[in-house]
Amino acid sequence: MTERLLQPLLHELVGTVLAPTSALGDATGQIRPAGVQGVFHADARVLSRAELRVDGREPEALTQGADGPHAVRFVGLARWLGDPTPDPTVRIERLRRLTPRGLTEELRIVSTASVPVRARVSVELGCDLAPIEVVKSGGTTEALTAKTGRPGELTWAADGITVTVTGDDAETEATGERASTPRLAWPVELPPGGTAVLRWRLTVDDPRAVVVCPPGEPTWSRPALRADDRRLVRLLDRSLDDLRGLRLAETGAPHDVFLGAGVPWFLTLFGRDSLWAARMMLPLGTELAASTLRVLARRQGSRVDPSTGEAPGKILHELRRHEFTLDDGLRLPPAYYGTVDATMLWISLLHDAWRWGLPAEQVEPLLPHLEAALGWLADHADADGDGLVEYIDTTGHGLANQGWKDSGDAVRFRDGTLATAPIVLAEVQGYAHEAAVHAAALLDAFDRPGGERWRGYADRLAGRFRAAFWVDGPHGPQPALALDRDKRPVNSLTSNIGHLLGTGLLSGEEEAQVARLLGSEALAGGFGLRTMSTDDAGFSPLSYHCGSIWAHDTAIVLAGLARAGFREAALGLADGLLGAAEAFDYRLPELYGGDDRSLVGRPVPYPAACRPQAWAAAGGVLLLQAAAGLYPDVPGGTVRVAPLAGPELGAVTVERLRVAGAPVTVTVDRAGHPTVTGLPAPLTLIADPTPAIPAPRPAPTETPTHS
């Protein structure tokens, strides 16, 4: 029987990151040669083993926790040393800290014993330089042979990468059987009550890496937040630490920062992920949005190339150092354009950054790229000319699905059968409508032609969507997930419909019905928004896209509900997301199980989810914006405030939000009344009426009807 290779599990590992470097080990602090454990740098595993031993024995683990944004501290015991009492008298602290091109570890052996302590401390190492896609597929790579250099130094080299480990004052053992499992070792002698500190460091020389650690500190602000619901404060703090560690830049352009998608599989430039994360981060400043837009503009498509998915004006999906190949037949070129939505999201990020106050001198150089993106939408996004945006992988080895739910089984009918491409996704039509309206506003504002054309495009798209997508479902009328090759509505009920809120594609009555669906137990009965309803045959709580809960998806939809005034549904999703954050120590994973909240009282982990992940972490910022309810239109001279905070979520005060570069404070009291200070002149504040009690859902008789 052929052994089945399985993607390694992540959910119990402890990770830390300073992109493009990340480290994953077990809860004891060990990095073992198994699964996805290791130190990774720019898509290569540069250390596959780092096992600490004292007198040849592993310390007994006590606890671990973050030590700032890029470090983790492990605490263990060496109970066989020290005084022969029930209380332990020798403890081992292991501080692992990421650096721009590697990591350092500090080993502290602390004795409170009344007798001297003698021990030999060692760290057993290994390096395989396995590509990330081999690790992801469950494959293995032989450990490389280490070479010794200066005292305390070990090196490995292959494929243009050189890895060096140096132990201060350490002995090295790297000959014979130790050539592929070399060891650093230190003899330790402690007087009664003494402490020894040992250090070793890893550095990586990788000139072929396509991404680097950007210099300096993040450009976004770090808000001061006070909230009745302390979960919101803790989520924001952890999220901002993780986002700091996920910053990346392209090699050769270190000052244009974007967010890498997630640890460990996707720590590189991903068009959709980087755009969504930058969009969620706009309340903290426009600098990240501007640099993300520039990075992707430089790689905007210029020719038709079916092998890469490139087309003129199209925005990149994924960037790697080499072809990304998995055992399931997926084979993606280093620069891959197989995404149907990133181009529209690029347009909307430019528009939204402008609304938050991105200066005109930064907007104007991007307008030719805006026009090129519109050219893609006009000439390449609708292959069959029916006025709707669709996708199909023509290569046979690219992504079969090219929306954000990009797994091969993501687009299913209610009975569980798979839809056949070309696929017309519901939310993509919303993105296209929104992008057309946003582009028209920018073209008008900067005296460029085309505004009326794109408003007309949006109007026609809305009519086509209304005629083609609405179907009858178990909970009343609903937008279908998609249309298949034969233009049949894919009639499953999914979270995709939540992305339509605020795009302008739906009427007010249609938005109200979508809000009712999103608040139903079938979609919202877990710790957030299920990707597929429990009524659908394809539902599975641990399916990647057909029943799991994604943090960013929940955040986007709850923010859309809040902005549109559907308070009760938004609050339900916010409570689910905060409950998940608490269960995951406030580091939200990429996704988790869509089980009912009552199953075990906490979300079930999805075992291969990235953590930290950019748009999951940025979802904490989007939740904060919804709580504060701040919606600026700097070019229009207004700022609307409509907070979700208040009677149910509690009071919130947040300082150092940024509007047009100015620090702004929003205070919402327990009755939901907002106060905003610091708005730059001449912006005018517009406050929506604040409900003192939860707004009732519209009666079911108000559901829209569609032919």
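Just so it is clear, the structure is predicted and the values come from calculations on it, not from any experiment.

Would you mind going over the packing of helix α7 (residues 367-379) against helix α9 (residues 451-469) with me for this structure?
Packed helices, taken two at a time, are described by the angle between their axes plus the distance between the axes. Orientation of α7 relative to α9, taken along the N-to-C sense of each, is 40°, at an axis distance of 13 Å. In terms of orientation, α7 and α9 fall into the oblique class. The handedness of the crossing between α7 and α9 comes out as left-handed. In contact with L374, L377 and A378 of α7, α9 contributes R453, W454 and Y457.

It is not clear to me how the environment of A261 should be interpreted in this structure. Could you clarify?
As for its placement among the helices and strands, A261 is situated in the loop between β20 (253-259) and α3 (271-280). For the pair formed by A261 and W186, sequence separation is 75 residues and the distance between their alpha carbons is 39 Å. Ignoring any residue separated from it by four or fewer positions in sequence, one finds A261 in contact with F266, T268, F270, D273, Q613 and A614.

Would you mind going over the packing of aromatic side chains with me for this structure?
Any two aromatic rings considered together are summarised by their centre-to-centre distance and by the angle between their planes. Across all of its chains, the model carries 10 aromatic pairs by this definition. Plain terms: the ring middles of F266 and F270 are 5.2 Å apart, the flat faces sit at 75° to each other, and that makes the pair edge-to-face. When its relative accessible area of 6% is taken as the criterion, F270 is described as buried. Each ring, one from W354 and one from F446, has its centre 6.2 Å from the other, and the planes form 50°; the classification is tilted.

Help me understand unusual backbone geometry, please; the structure alone is not making it clear to me.
If a residue is not glycine, its phi is most likely negative; likewise, a peptide bond is most likely trans. Of the consecutive residues A19 and P20, the connecting peptide bond is found in the cis state with omega at 10°. Each neighbour pair has its own omega, and for A681 with P682 the value is 5°, a cis peptide bond. In this fold, P682 is placed in the loop between β36 (674-677) and β37 (684-687). Look at L129: it is not a glycine, yet its phi comes out positive at around 50°. Tracing the chain through its elements places L129 in the loop between β10 (117-126) and α1 (132-136). Residue classification places L129 among the buried residues on the basis of a relative accessible area of 6%. Phi angles above zero are rare outside glycine, and Y586 is one such case at about 70°. Counting through the fold element by element, Y586 comes out in the loop between α13 (567-583) and β31 (591-592).

What exactly am I supposed to notice about helix α14 (residues 614-628) here?
Each full turn of the α-helix corresponds to 3.6 residues, which orients residues three or four apart in the same direction. Compared with an ideal rise of 1.5 Å per residue, which puts 15 residues at 21 Å, α14 spans 22 Å between its outermost C-alpha atoms and is within 8% of the ideal. In terms of burial, α14 is largely enclosed, as 15 of its 15 residues are buried. G629 sits one or two positions beyond α14 and adopts a positive phi of about 75°.

So what exactly am I meant to see when it comes to the pairing of strand β35 (residues 662-668) here?
A regular strand places its side chains on the two faces of the sheet in alternate fashion. Side chains A662, V664, V666 and V668 of β35 all project onto a buried face; the interleaved residues P663, T665 and T667 project onto a face where none is buried. Adjacent in sequence and paired antiparallel, strand β34 (residues 652-659) and β35 are bridged by two residues, among which A660 carries a positive phi angle near 55°. Here four bridges tie β35 to β36, and the two strands are oriented antiparallel to one another. Within β36, the position partnered with V668 by the bridge is P674. Between β35 and the antiparallel strand that follows it, β36, lie five residues; G672 among them carries a positive phi value of about 95°.

Explain the pattern of salt bridges to me, please; I cannot follow it from the model alone.
It is possible for side chains of opposite charge to pair when their charged atoms get near one another. Counting across every chain of the model gives 59 salt bridges. A salt bridge links R32 to E51; the shortest N-O distance between them is 3.3 Å. One end of the pair, R32, is in the loop between β2 (21-25) and β3 (38-41); the other, E51, is in strand β5 (residues 49-54), with 19 residues separating them in the sequence. On the accessibility criterion, R32 (22% relative accessible area) is partly exposed. A salt bridge links E51 to R49; the nearest nitrogen and oxygen atoms lie 2.6 Å apart. Here E51 matches R49 in class, with each residue buried. Where salt bridges share partners, they join D26, R32, R49, E51, R53, E58, E124 and R178 into one cluster.

Mind showing me how you'd approach the side chain of H433 here?
With respect to the helices, strands and loops of the structure, H433 is situated in helix α8 (residues 426-445). A polar side-chain atom of H433 sits 3.5 Å from the main-chain carbonyl oxygen of G504.

Is there a simple way to explain the pairing of strand β15 (residues 183-190) in this structure?
Bridge analysis of β10 against β15 gives eight bridges, and the strand direction is antiparallel. Directly across from V123, in β15, lies its bridge partner L184. Relative to β15, strand β14 (residues 171-173) runs antiparallel, the two being bridged by three bridges. When the sheet's bridge partners are listed, T172 is paired in β15 with L184.

Can you help me understand the packing of helix α2 (residues 230-245) against α13 in this one?
α13 packs onto α2 with a crossing angle of 60° between their chain directions and a minimal axis gap of 10 Å. Pair α2 / α13 crosses with left-handed handedness. Together, R231, L232 and L235 of α2 and D575, L578, G579, A581 and E582 of α13 make up the contact between the two elements. Taken together, the residues of the contact of α2 with α13 break down into four nonpolar, one polar and three charged.

I keep staring at the sheet that holds β14 and nothing clicks. Help me out?
To summarise the sheet geometry, strands pair through backbone hydrogen bonds and adopt either a parallel or an antiparallel arrangement. Ordered by their spatial adjacency, four strands build an open sheet running β5-β10-β15-β14, and the pairing between neighbours is antiparallel. Only two strands of the sheet have a single neighbouring strand rather than two, namely β5 and β14. Direction aside, the axes of adjacent strands within the sheet are offset by 20° on average.

Sorry if this is basic, but what is going on with the nonpolar core here?
Generally speaking, nonpolar side chains in soluble globular proteins are found buried as a group. With 190 residues, the main nonpolar core has W346, L370, V411 and L561 as its most contacted residues. Among the elements that make up this core, the one with the highest residue count is α14 (12 residues). In contact with W346, not counting residues within four places along its chain, are L275, L293, L296, A297, I315, L366, H369 and L370. In this structure, V39, A119, L125 and V165 belong to the second largest nonpolar core, which totals 44 residues.

Criteria and cut-off values
Residues numbered from 1 in each chain as written. Predicted model: local features only at pLDDT ≥ 70, side-chain atom pairs only at ≥ 80, totals over all residues. Heavy atoms only, no water. Axes fitted to C-alpha atoms, helices over the stretch in contact; angles between N-to-C directions. Helix = DSSP H or I, 4+ residues; strand = E, 2+ residues; numbered from the N terminus. Parallel < 35°, antiparallel > 145°, perpendicular 65-115°, else oblique. Left-handed = near helix turned anticlockwise from the far one by under 90°. Contact = heavy atoms within 4.5 Å. Phe/Tyr/Trp six-rings, centres within 6.5 Å; stacked < 30°, edge-to-face > 60°. Buried < 20%, exposed > 50% of the residue type's maximum accessible area, 1.4 Å probe, protein only. Expected span 1.5 Å × (residues − 1). Pairing = 2+ DSSP bridges. Salt bridge = Lys/Arg side-chain N within 4 Å of Asp/Glu carboxyl O. Polar contact = N/O pair within 3.5 Å; in protein donor to acceptor, adjacent residues only side chain to side chain. Nonpolar A, V, L, I, M, F, W, Y, C, P; charged D, E, K, R; others polar. Core = buried A, V, L, I, M, F, W, Y, C linked by side-chain atoms within 4.5 Å.

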